[in-house]
Amino acid sequence: LSDVETVVVDQPPGACLLVRREAIDDAGGWDEDFEFWYEDVDLARRLKARGDVLYVPAAAVAHAGGQSARRLSRAQVVSRHYRGALLYAHKHFPAPKRTAAGLLYALAGAAKLVSRDPDARRAYRTVLRNGLRVAANRPPLRS
């Protein structure tokens, strides 16, 4: 792609979105059940169901990435990031894919339980538990 080509996408980078208020309202607004990650992916999916979502590379915006995440501990980042992915899977994936995603995340959480950091172990126990919940078609719990 050239830097001026506008294209239809499933989900544009969430660092800078320009969306008409009416479109956000029509899509049901931001889902506040997402704690930190995947809220933009969820919104973009619901916007796309109502029409084209465009990526405009010529609309350059400087993004000071990671500013919000820096205020969180590593365990909080792990818990919220994994929970966002699992909540997205719970909301949008058909049953077989939702079950597979839940089991894969549970396996990833279980594999990390060997961490020496007690906060990390607690976070990965939450990932394990939430992965199993989503595999069973139940929403993930908040961290």
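Residues numbered from 1 in each chain as written. Predicted model: local features only at pLDDT ≥ 70, side-chain atom pairs only at ≥ 80, totals over all residues. Heavy atoms only, no water.

## Considerations on the overall build of the chain
Consideration 1: Assigned secondary structure in the chain consists of five helices and two strands.
Consideration 2: Listed N to C, the secondary structure of the chain is β-α-α-β-α-α-α in terms of helices and strands.
Consideration 3: Along the three orthogonal principal directions, the C-alpha set of the chain runs to about 45 × 35 × 30 Å.
Consideration 4: Evaluated residue by residue, the chain yields a buried proportion of 32% over its 143 residues.
Consideration 5: Contacts in the chain between residues at least 24 apart in sequence constitute 68% of all its contacts with a sequence separation of at least 6.
Consideration 6: Accessible area of the chain: about 9,000 Å², with a carbon and sulfur share of 54%.
Consideration 7: In the chain, which carries 23 positive and 16 negative side-chain charges, the distance between the mean positions of the two groups comes to 11 Å. (Helix = DSSP H or I, 4+ residues; strand = E, 2+ residues; numbered from the N terminus. Buried < 20%, exposed > 50% of the residue type's maximum accessible area, 1.4 Å probe, protein only. Contact = heavy atoms within 4.5 Å. Areas by Shrake-Rupley, 256 points an atom, 1.4 Å probe, with all protein chains shown as cover. Lys, Arg positive; Asp, Glu negative; His and termini not counted. Charge placed at Lys NZ, Arg CZ, Asp CG, Glu CD.)

## Some thoughts on the packing of helix 3 (residues 74-92) against helix 4 (residues 95-111)
Consideration 1: Contact geometry of helix 3 with helix 4 gives a least axis separation of 9 Å together with a crossing angle of 165°. With respect to helix 4, the axis of helix 3 lies roughly antiparallel. Where helix 3 crosses over helix 4, the handedness of that crossing is left-handed. On the side of helix 3, the interface is formed by Y82, A85, L86, A89 and H90, while helix 4 contributes R98, A101, G102, Y105 and A108.
Consideration 2: Classifying every residue of the contact of helix 3 with helix 4 by side-chain character gives seven nonpolar, two polar and one charged. (Axes fitted to C-alpha atoms, helices over the stretch in contact; angles between N-to-C directions. Parallel < 35°, antiparallel > 145°, perpendicular 65-115°, else oblique. Left-handed = near helix turned anticlockwise from the far one by under 90°. Nonpolar A, V, L, I, M, F, W, Y, C, P; charged D, E, K, R; others polar.)

## Observations concerning a nonpolar patch on the surface
Consideration 1: On the surface, V8, L54 and V56 cluster together into a nonpolar patch covering about 240 Å² of accessible area.
Consideration 2: With respect to the helices, strands and loops of the structure, L54 is situated in strand 2 (residues 54-55). (Patch = residues over 30% accessible without salt bridge, like charges linked within 9 Å, V, L, I, M, F, W, Y side chains within 5 Å. Salt bridge = Lys/Arg side-chain N within 4 Å of Asp/Glu carboxyl O.)

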